Amino acid sequence: MTDDTPLPHPVSSLLPREARAAGDVRGDDTPLHELFRTVASESRNVILVKDWHGRFIFANKVLANLYGTTPEAMIGKDDGAFNPNADQVAFYLRNIQDIMLRFEPEVVFEDSTDVATGQTRHYQSFKKPLRDAHGNLQILVIANDITDVRNAQERAEASERQLKDLQNVIGEGVWDWTIATGVLRHNARWADMLGLDPAVRQRNLDDLTALIHPDDTEAFLAALDVCVALGRPFNHEYRVTRPDGSLIWLHDRGDVVERDEQGVAVCMVGSFADITTRKHAEQQLIDERKRVELLNEEMAQTLQMVRTMARDATEANRAKSDFLANMSHEIRTPMNGILGMSHLLLETELTPEQREFATAIRASGEGLLAIINDILDFSKIEAGMLELEYVDFNLDELLADVTSLVNVRVREKGLAFYRYVDGVVPPRLNGAMVRLRQVLLNLVANAVKFTSRGSVSITVSKVADYPSGLCLRFEVQDTGIGIAAADVADLFQPFKQVDASTSRKYGGTGLGLSISKRLVTLMSGQIGVTSAPNQGSTFWFEVPLQVVEGAAAVHALAGAAVSAVADASAGMPLQGRQSAAESTGSVATASATAAGEAERQAGQLELLLVEDNAINMALAKALLGRMGHRVSTANNGQEAVDLLTRQRFDAVLMDCQMPVLDGFEATRRIRSADAGVLQPNIRIIAMTANAMVGDKERCEAAGMDDYVAKPINVGLLKAALARIPLN
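Report follows, based on the coordinates.

Rules used throughout
- Residues numbered from 1 in each chain as written.
- Predicted model: local features only at pLDDT ≥ 70, side-chain atom pairs only at ≥ 80, totals over all residues.
- Heavy atoms only, no water.
- Pairing = 2+ DSSP bridges.
- Helix = DSSP H or I, 4+ residues; strand = E, 2+ residues; numbered from the N terminus.
- Axes fitted to C-alpha atoms, helices over the stretch in contact; angles between N-to-C directions.
- Contact = heavy atoms within 4.5 Å.
- Buried < 20%, exposed > 50% of the residue type's maximum accessible area, 1.4 Å probe, protein only.
- Core = buried A, V, L, I, M, F, W, Y, C linked by side-chain atoms within 4.5 Å.

### Comments concerning the sheet that holds strand β8 (residues 202–204)
Pairing in this open sheet of 6 strands is antiparallel, and the strands run β8-β7-β6-β11-β10-β9 from one edge to the other. Both edges of this open sheet fall to β8 and β9 (234–241), since each of them pairs with a single strand only. Strand-to-strand twist in this sheet, taken as the mean axis angle between neighbours without regard to direction, amounts to 30 degrees. Pairing analysis gives 9 bridges linking strand β10 (residues 247–259) to strand β11 (residues 265–274), with the strands arranged antiparallel. Looking across to β11, one finds that V256 is bridged to M268. Along the sheet face, helix α10 (residues 214–230) touches β6 (173–178), β9, β10 and β11 and points at about 155 degrees away from the line of β9.

If you want it as structure tokens, here you go:
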């Protein structure tokens, strides 16, 4: 037939009345179009509508993809415009015209060519003839791709399975509801999903609503009413309790596909799918989200608590730091007077008894200062405020310094003292020299204290090399009272002695070894001891140190050579590495320093002493006067600034904590051009009881040139004065 060829008999005579009342699929607002729109958007099958001449009235994306085009581009064209297989195109046209003439639905097995790949695909097509509102014949085709199944199984088995799949709309429960009668027709899958007899294919809507969870029934019926009355698609999720008691979730979709002349809904079709697994996953996700939210809330509360604790800890540490700094200053101020005045007293003419008393005062003061230093060090470590200062130093000089500090006690007890240094250890190193000296002096002093006869020795050896440095092992060995193995564990605990009698007999706070352990740990090292009662002890610690560039090459020797000399100042043999060049250099340096001091004393420095404590002012004036210097005084920083606007001096000895104007602000004003002082660059030496970590740096930041801590060490004071430039 051509486009103008009339039909062989009136089309209207081929269709029943209800068929003639079916809507036009081409109209955007017709019920059939709404059905197609709903089903086609969900389906993976080919869905199309053609007219008598095989021209597409509707095509879904699956068919358009097969033909390599778009659904819109197919409207009004036949298969020949897209399918290169002429035999297939001819078969399609003959087949649909035959079905439309018979006006009976039919399932057809047919092939189609995939334009993109050239592959032949096999389809099981359900074809149903229709008429539009004008009586024109049309045909609806729903084609299911059975290629893979057909290739895997016999044709007959594949056809049967695909037919069943088609009826079940790809595994979903398909239903058709006649609204007026309430009759609900469905496929076997519908019944199977609900736990009902699959052989029964017709039920009533009440049979379904009876299974719906009571909490979901009202919403389900309301969604149906909206679809039926307002024409909105039905799309609803609800729970169903099956006869066996199991609960499943369904996602039900559908729409009204037929209305009477008054617009009243007549028929509604749709399908539902089991979404129980998805719902469980969603619930798990919801539960997990709630759990995460709860964890986040708990974390936020914990974080707030941590912040509060950190703030409290910071405030506590700040308060503790302020307390320590204040206590250090307040204790050192009178200690400066005690030690300084006893020093001056011992330089006067005294009777033997008076000298004995004065010596006892000085010794007691020095002992008290040592205890105070231990307590303050321990408190700083506990508060996390102790910092290490890494500097270049000479190992031999450090060992000699430690030795000199115990020489007097060694001579008094008649002990032999030895010092051994492995020849491969370079003398020039970099590390926390002050704290290294403190640990070593602590161990040596303890060894001397607990040894009544025999010897004490220091041994330094190399443990390992690493880039730009090495690990040294320091051992302090004695022949003293020794320690039982059971008591070793308590040695490095604060305030612990081996037993109470030790504290009574030998004295001490029990802090020294605890501080030593913590200092060694801060230096990234380790410390330990080997000992036995009445067989002496060997305390050791290992710390990493940097080698000062050039030192390693000069002193690297083959093997572990050891040199030795005697130290007459101790009155006992003292073993150690000390070259003639080093000895000569030390003597030369000492001579130069002595000469410089003598020159300063002969020249008489004009000094301004700024001090608010009367005893410390008297002490400092006496010490400086005995050195031959002239001293003017000021009771606070403001008096010092005022005096410097009228008078010139060689240097200022500045206390830090004073009323009216402290030493820091006074120094800043002196350095300022606005203060009107005669010498803005005058040398300012901090002479203060502020001896906490960072105090020296704070003095430097304020503009001070040098630093001498209280209690005043006369040697350090002389050295600071010797560094004053000559006019």
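Next comes the rest of the account.
### Some words on unusual backbone geometry
The omega angle of the peptide bond from K710 to P711 is 0 degrees, so this bond is cis rather than trans. We note that S524 has phi near 65 degrees; this positive angle belongs to a residue other than glycine. Mapped onto the elements of the fold, S524 is located in the loop between α17 (512–522) and β17 (526–531). A relative accessible area of 59% means that S524 is categorised as exposed.

### A few points about the pairing of strand β4 (residues 120–131)
Counting buried residues in β4 gives 9 out of 12 residues, a clear majority hidden from the surface. In terms of strand pairing, strand β3 (residues 106–113) meets β4 through 8 bridges, oriented antiparallel. Its bridge partner being in β4, S112 is matched across the sheet by R121. What sits between β3 and β4 in their antiparallel hairpin is a turn of 6 residues, with G118 showing a positive phi close to 80 degrees. Bridge analysis of β4 against strand β5 (residues 137–145) gives 9 bridges, and the strand direction is antiparallel. What sits directly across from L130, in β5, is Q138. The loop that links β4 with its antiparallel partner β5 comprises 5 residues; one of these, G135, has a positive phi angle of about 85 degrees.

### Quick notes on the nonpolar core
Counting 42 residues, the largest nonpolar core has L395, L436, L440, V444, L472, F474 and F541 as its most contacted members. Of all the elements in the fold, those that place two or more residues in this core are α13 (395–413), β13 (416–421), α14 (433–449), β15 (455–466), β16 (469–478), α17, β17 and β18 (537–547). With 7 residues, the top contributor of residues to this core is α14. If we ignore the near neighbours within four places in the chain, the residues touching F541 are L436, V439, L440, L443, L472, R473, F474, V520, Q526 and I527.

### Some points on the sheet that holds strand β20 (residues 630–634)
An order of β20-β19-β21-β22-β23 is seen for the 5 strands of this open sheet, with the pairing classed as parallel. Looking at strand neighbours, the two that pair on one side only are β20 and β23 (706–709), the edges of this open sheet. For this sheet the average axis-to-axis angle between neighbouring strands, irrespective of direction, equals 25 degrees. Where strand β22 (residues 683–688) lies against β23, 4 bridges are found, and the strand directions are parallel. Paired with M687 across the bridge in β23 is V708. Running over the sheet, helix α20 (residues 614–626) touches β19 (606–610), β20, β21 (651–654) and β22 and is turned about 165 degrees from β20.

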